[in-house]
Amino acid sequence: MIYYWHKIIINGCGNITFLKIPTKIDSSRKVIHVDMDAFFASVEERENPQYKKKALVVAPDPRKHNHHGVVTTANYNARKYGVHSAMPAQKALDLIPSSELVLKDPNFTLYQEVSQQIHDIFSDVTDVYESVALDEAYLDVTENKLDETNTIKIANYIQQRILKETGLTSSVGISYNKFLAKIASGYRKPFGRTIVLKEYALEFMSNIPIEKFNGIGKVMQEKLHSMDVYTGADLQDLSQDTFLNTFGKMGYIMYRRINGIDEAPVNNLRERKSIGRERTFTQNLVTDEQIFKELKRISEMVSADLSKKRLHGKTIVLKVRDDQFETTTKRMTFQDYIYEQDDIYRIALDIYDKLDIVDKKIRLLGITLTNLDSLSFEELSLNLFSKEDN
Ligand code: TTP
Ligand code: MG
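S.K.: Would you mind showing me how to read the coordination of the magnesium ion (ligand 2) here?
M.R.: Six octahedrally arranged donors around a metal ideally form angles of 90 or 180 degrees; four tetrahedrally arranged donors ideally form angles of 109.5 degrees. Looking at the magnesium ion (ligand 2), the protein donor atoms are Asp35 (OD), Met36 (O) and Asp135 (OD), and they sit 2.0 to 2.3 Å from it. Geometry at the magnesium ion (ligand 2) is octahedral, judged from its 6 donor atoms and the angles of 79 to 177° they form at the metal. Every donor residue of the magnesium ion (ligand 2) comes from the same chain, spaced as D-M-x98-D. Given a relative accessible area of 14%, Asp35 falls into the buried group.

Structure (structure tokens):
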């Protein structure tokens, strides 16, 4: 069903300003976001039920790793002490009294197995699901294999099957787009089920702190706080121009999301063929230094996209366009998968060298990875653990 709405604000001078979003909201899709509760910790509690009463932290023991290592997750008891994912494990040790603490090394093989089990359940419901982490996925159930029109029943089916087959609880969010479904799944944890109907979407978002909105990263968060914006309601009061002028393209996307519009489809990763980024320059790049700097930047972005989607690829394609709009692409394929930014950068430089461009007036640079496959979680986590603590 589609409906139209306007929002009007009256500013101090009594002038009426029309915000520019009298846009139609398509609420015809049914999207479910599933997220396991304290995933790694719950798996460990299932294996060792005596941990349930303890403050369980899943992390490599910093005492055995020269004080290094970060927390993957913690059970809810441990979270009460302020412990959270990505915190240095040493800090978790300092926060929790040793009589309460259980520190458990992550067992990725086991988590991967459970992840496979829940994904098998998803694929019994629909082929249109998008896995965003080991324990998290979006499902488009507008049409589904259960032939069920009641989305709440579908969500219930998923939660019950996960519980029965893995012994673990999950939380689900139900709405007409991905953005809302994701906020909804985190709304009442653990074992929560939250439905956001189109009619209540704006009100629902108005009470949520901006940290919970997918797409608002640390930088945007700080900027918004400096503008006295803390909640969804504060965001909804900002105009499209403010979003656009302050945050560019991402601002526009957020403006739409916070006003109830997110048309991003649930992407089935198996259909994804490539991941790439390109940048067009208002002033041509003419020196190697400028070109290397931009290639480095694009490599970082591509690597971040790959890691978000848990993918890596074997082929790298470099695209170069000059001031005459002549476009050259060249690719290199490798035996091993690539996803780290340093590797992408190094290879992009290599390809660039091979292009042997004499007259450098570069208007556009792009890097794309193809020949993609899912990254195993061990690889992701190794990357995570090798990071310096701070
Ligand atoms: P999350 O779903 O973010 O967290 P969670 O399932 O532990 O807790 P919640 O109930 O709040 O959803 O992440 C899923 C798993 O991914 C988590 O159990 C451990 C792992 N993980 C990391 O290894 N590092 C991280 O920084 C994060 C956020 C998660
Ligand atoms: Mg989770």
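That was the structure; now back to the text.
S.K.: What's the story with the pairing of strand β16 (residues 362–374) in this structure? I'm lost.
M.R.: Two faces, one strand: in a regular strand the side chains alternate between the faces of the sheet. Across 8 bridges, the pairing between strand β13 (residues 274–285) and β16 is antiparallel. If you follow Gly276 over to β16, its bridge partner there is Thr368. As paired strands, strand β14 (residues 311–322) and β16 are joined by 11 bridges and run antiparallel to one another. Residue pairing across strands places Gly313 opposite Leu372, the latter belonging to β16.

S.K.: Even after reading the chapter, I still don't get a nonpolar patch on the surface, so can you show me in this structure?
M.R.: Taken together, the side chains of Ile152, Ile195, Leu197 and Tyr200 present a nonpolar region at the surface, about 370 Å² in accessible area. Mapping Ile152 onto the fold places it in helix α5 (residues 151–166). Here Ile152 falls in the partly exposed class, since its relative accessible area comes to 37%.

S.K.: Explain the packing of helix α8 (residues 218–226) against helix α10 (residues 240–258) to me, please; I cannot follow it from the model alone.
M.R.: For any two helices packed against each other, one specifies the inter-axial angle together with the distance between the axes. The geometry of α8 relative to α10 is characterised by a closest axis approach of 12 Å and an angle of 95° between their N-to-C directions. Between α8 and α10, the crossing angle belongs to the class labelled roughly perpendicular. Contact residues: α8 offers Met220, Lys223 and Leu224, while α10 offers Thr246, Phe247, Met250 and Met254. Considering only residue class, the contact of α8 with α10 consists of 5 nonpolar, 1 polar and 1 charged.

S.K.: Got a minute to help me understand the sheet that holds strand β15 (residues 327–338) in this structure?
M.R.: What links the strands of a sheet is backbone hydrogen bonding, and the strands pair in either a parallel or an antiparallel sense. In space, the 4 strands of this open sheet follow the order β13-β16-β14-β15, with antiparallel pairing throughout. Each edge of the sheet is formed by a strand with only one pairing partner; in this case those strands are β13 and β15. Across the sheet, the mean angle from the axis of one strand to that of its neighbour is 15°, orientation sign disregarded. Where β14 meets β15, 8 bridges bridge the pair, whose relative direction is antiparallel. Counted as the bridge partner of Lys319 is Thr329 from β15. Across the sheet, helix α12 (residues 341–355) lies against β14, β15 and β16, angled at about 140° from β15, the strand it touches most.

S.K.: I would appreciate a short explanation of the site of ligand 1 in the present structure.
M.R.: Around ligand 1 sit 15 residues in total, of which Ala38, Phe39, Thr73, Tyr76 and Arg79 are the nearest. Thr72 is positioned such that a nitrogen or oxygen atom in its backbone is 3.5 Å from a nitrogen atom of ligand 1. Against a free-state accessible area of 560 Å², the protein chains account for coverage of 76% of ligand 1. Of all the secondary structure elements, the ones that give two or more residues to the shell around ligand 1 are β5 (31–36), α1 (39–47) and α2 (76–79).

S.K.: Even after reading the chapter, I still don't get the environment of Val286, so can you show me in this structure?
M.R.: In this fold, Val286 is placed in the loop between β13 and α11 (288–308). By relative accessible area, Val286 is classed as partly exposed at 44%. In this view, Val286 contacts Lys360 and Lys361; residues no more than four positions away in its chain are not counted.

S.K.: It is not clear to me how α11 should be interpreted in this structure. Could you clarify?
M.R.: Working note: α-helix, 3.6 residues per turn, so residues spaced by three or four point in the same direction. When the terminal C-alpha atoms of α11 are compared, their 30 Å separation across 21 residues agrees well with the 30 Å that a helix rising 1.5 Å per residue should span. Those residues of α11 not exposed but buried are Ile291, Glu294, Leu295, Ile298, Ser299, Val302, Ser303, Asp305 and Leu306. Buried residues in α11 make contact with β13, β14, β15, α12 and β16. Downstream of α11 by one or two residues, Arg310 has phi in the positive range, about 55°.

S.K.: Help me out: how do you make sense of the sheet that holds strand β6 (residues 55–58) in this one?
M.R.: Strand order in this open sheet of 3 strands is β7-β6-β8, and the pairing throughout is mixed. At either end of the open sheet lies a strand with only one pairing partner, and these are β7 (73–74) and β8 (101–104). Of the strand pairs in this sheet, β6 and β7 are connected by 2 bridges, and their pairing is antiparallel. Within β7, the position partnered with Val58 by the bridge is Thr73.

Parameters and conventions
- Residues numbered from 1 in each chain as written.
- Chains lettered and ligands numbered in written order.
- Predicted model: local features only at pLDDT ≥ 70, side-chain atom pairs only at ≥ 80, totals over all residues.
- Heavy atoms only, no water.
- Donors = N, O, S within 2.8 Å, 3.2 Å for Na, K, Ca; no water.
- Tetrahedral: all angles 85-135°; square planar, octahedral: opposite > 155°, others 65-115°.
- Buried < 20%, exposed > 50% of the residue type's maximum accessible area, 1.4 Å probe, protein only.
- Pairing = 2+ DSSP bridges.
- Helix = DSSP H or I, 4+ residues; strand = E, 2+ residues; numbered from the N terminus.
- Patch = residues over 30% accessible without salt bridge, like charges linked within 9 Å, V, L, I, M, F, W, Y side chains within 5 Å.
- Areas by Shrake-Rupley, 256 points an atom, 1.4 Å probe, with all protein chains shown as cover.
- Salt bridge = Lys/Arg side-chain N within 4 Å of Asp/Glu carboxyl O.
- Axes fitted to C-alpha atoms, helices over the stretch in contact; angles between N-to-C directions.
- Parallel < 35°, antiparallel > 145°, perpendicular 65-115°, else oblique.
- Contact = heavy atoms within 4.5 Å.
- Nonpolar A, V, L, I, M, F, W, Y, C, P; charged D, E, K, R; others polar.
- Near = heavy atom within 4 Å.
- Polar contact = N/O pair within 3.5 Å; in protein donor to acceptor, adjacent residues only side chain to side chain.
- Expected span 1.5 Å × (residues − 1).

These values are about where atoms sit, not about what they do.
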